Amino acid sequence: MSEHKTDVPYGTLDLLILKTLDTMGPMHGYRIARRIEQVAENLLRLNQGSIYPALMRLEEQGWIRTQWGISETKRKVKFYSLTRAGAKQLSVAVANWERSTALVARFLEAES
Amino acid sequence: MKLRFAAGRLLALVRKRRLDRELDGEILAHLEMAEIHAMAAGLSPEDARREARRGFGGIEQMKEDHRAQRSVRWAENLLRDVRYGVAALARDPGFAAVTIGLLALGIGANTAMFSIVDAVLLKPLPFPEPERMVRLWEAPTPTLHNNTTTLTFLDWKRQGAIFEALSVEEPVRAAVATGADAARLSGKLVSADYFNVFGVKARIGRTFALGEDQPGATPVVVLSYSLWQTQFGADPDILKRDLALDGESHRIIGVLPAGSFDRDEARFWKPLIFAPDELNRGQHWLHVIGRLRAGVSIEQARANMSMLRAGLGGVIRKRIWPSRWTRSRSSWFTIPCAARSTWRSERFCWCCSSPAQM
């Protein structure tokens, strides 16, 4: 079944995480991964573990912040939430994404 | 720079351990939740565990990735900071100079402050039983100085049970002619008891005798060791000579030991004799120092001064602050006003009367 799934497009995982946090508010890692999978409706092949290095990266950029909280399973886990800088970065990334997909789309139309 | 790198490394090490631990916790929680989720979807516990692992992907590889991510970022940040700092300083040498200068000033000022604190507050005075030495003031009031008056001083002086010695100490300057050249020298006007307060004996000759601060006494003077050395060429027959202060001849009765009394401006000491018109309670001009009798505590002295004050018909209010004398004679001798705040914080004896009620 995995043949039908695509890998996460290069460089878009950060965008997916930022958007998820923007829509859903503070969440822990597992919820973020689940949410991305649900929205992708099984079209995406996501190694759930790969979101943790991405979260680390985003935190160091100052786009997300972490707080300790308690999970549904009563464990102490990190909850991630969007910072103001992260919200700004999200709009920039969304604009960039739209510009490049539009560009690619235009090429494809012209070629066909 | 080296230090900063070392500190950075150390921090990174501490940070690495913490982050690794946190990440392990997150992975565990994640797998647990994934397992529960899978079981809720109908899988057996074993399958659920396998499914959770599969969904998560390679754990060790992810950890490596996580570590690489943050160490790169860490090193990058540090390097960028350093590079930016160096570039900014190189771009603007003036600013760099000012920055370095300010840092140097700051460090220097701190060192200087500590030297002062060390000298004034921490080291004991170089006199026998310095804890018995006290300074006496009147209560400060908004309008009047808390120096005391001649008559109040004489009242205090009658407290023989508390004070072994009590003396005034007023700075003075006088023209001194020694040989061909004349100079203005700093000195002190003091009571005959003055050197008993310090417990200091003369190196040559003697210090003041009882009564030499009374009207009609022969004018006498005590010299500092440095004055004896510089102005009198360490003359061994110094006691046969006179010193003219502002043209008035004074018999030299003694030379002080070297050291403590040379650090100050004062080069000579002569008795302060109260003129009849100075005997009043209106002029607050005297600085008073004293030595408590052996065995008299600061609290006893304070209580005694309170009684004295009550005995004077409510004229004098007393407060004695415990004191510890400073080693630095310069602060103690030359800048009593500036040092007063310092002394206040010390265990100085602070006898206070209320001049406002007089």
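Residues numbered from 1 in each chain as written. Chains lettered and ligands numbered in written order. Predicted model: local features only at pLDDT ≥ 70, side-chain atom pairs only at ≥ 80, totals over all residues.

1. With respect to the overall build of chain A
Part 1: For chain A, the helix and strand inventory stands at four helices and five strands.
Part 2: Scanning chain A from its N terminus toward the C terminus, one meets helices and strands in the order β-α-β-α-β-α-β-β-α.
Part 3: Intrachain contacts of chain A at a sequence separation of at least 6 include 56% that bridge at least 24 residues. (Helix = DSSP H or I, 4+ residues; strand = E, 2+ residues; numbered from the N terminus. Contact = placed C-beta atoms within 7 Å.)

2. Some remarks on the interface of chain B and chain A
Part 1: Taken together, the 20 residues of chain B in the interface contact 18 residues of chain A.
Part 2: No other element matches the nine residues that helix α1 (residues 2–40) of chain B contributes to the side of chain B that touches chain A.
Part 3: Here the residues of the side of chain B that touches chain A are counted per class, giving eight nonpolar, seven polar and five charged. (Nonpolar A, V, L, I, M, F, W, Y, C, P; charged D, E, K, R; others polar.)

3. Topic: the nonpolar core
Part 1: If you look at the biggest cluster of nonpolar residues, it comprises 46 residues, and the most contacted ones within it are V221, V222, L223, F268, W269 and V288 of chain B.
Part 2: Ignoring sequence-local partners within four residues, the contact set of V221 of chain B consists of L243, L245, H250, I252, F268, W269 and K270 of chain B. (Core = buried A, V, L, I, M, F, W, Y, C linked by C-beta atoms within 7 Å. Buried ≥ 20, exposed ≤ 12 C-beta atoms within 10 Å, placed from the backbone.)

4. A word on the sheet that holds strand β2 (residues 27–28) of chain A
Residues and elements named next belong to chain A.
Part 1: Within the open sheet, the three strands sit side by side as β2-β5-β4. Their pairing is antiparallel. Edge positions in the sheet fall to β2 and β4 (64–70), since each of these pairs with one other strand and no more.
Part 2: Taken together, the seven bridges between β4 and strand β5 (residues 76–82) define a ladder with antiparallel strand orientation. Bridging across to β5, W68 finds its partner in K78.
Part 3: Sitting on the sheet, helix α3 (residues 51–61) is in contact with β4 and β5, with an inclination near 120 degrees to β4. (Pairing = 2+ DSSP bridges. Axes fitted to C-alpha atoms, helices over the stretch in contact; angles between N-to-C directions.)

5. Side note on the confidence of the model for chain A
Part 1: Chain-level pLDDT for chain A is 86 on average; 93% of the residues reach the 70-or-more range.
Part 2: Confidence, read as mean pLDDT per element, is least for strand β1 (residues 6–7) of chain A in chain A (71) and greatest for β2 of chain A (92). (pLDDT = per-residue confidence, 0-100.)

6. Digging into the pairing of strand β5 (residues 220–223) of chain B
Residues and elements named next belong to chain B.
Part 1: Along β5, one buried face is formed by V220 and V222 and the opposite face, lined by V221 and L223, is buried too.
Part 2: Bridging between β5 and strand β8 (residues 268–271) involves two bridges; their strand directions are antiparallel. Bridging from a neighbouring strand, L223 pairs with F268 of β8.

7. Observations regarding the pairing of strand β6 (residues 242–245) of chain B
Residues and elements named next belong to chain B.
Part 1: Going residue by residue along β6, you find L243 and L245 tucked away on one face and D242 and A244 left uncovered on the opposite face.
Part 2: Taken together, the four bridges between β6 and strand β7 (residues 248–255) define a ladder with antiparallel strand orientation. When the sheet's bridge partners are listed, L243 is paired in β7 with H250.
Part 3: Count of turn residues in the β6/β7 antiparallel hairpin: two residues, of which D246 carries a positive phi of about 50 degrees.

8. What to know about helix α1 (residues 13–24) of chain A
Since the α-helix advances by 3.6 residues per turn, residues separated by three or four positions end up pointing in the same direction.
All names here are of chain A.
Part 1: The first and last C-alpha atoms of α1 sit 16 Å apart over twelve residues, in line with the 16 Å expected at 1.5 Å per residue.
Part 2: Among all positions of α1, only L13, L16, I17, L18, T20 and L21 are buried.
Part 3: Within two residues after α1, G25 carries a phi angle of roughly 80 degrees, on the positive side. (Expected span 1.5 Å × (residues − 1).)

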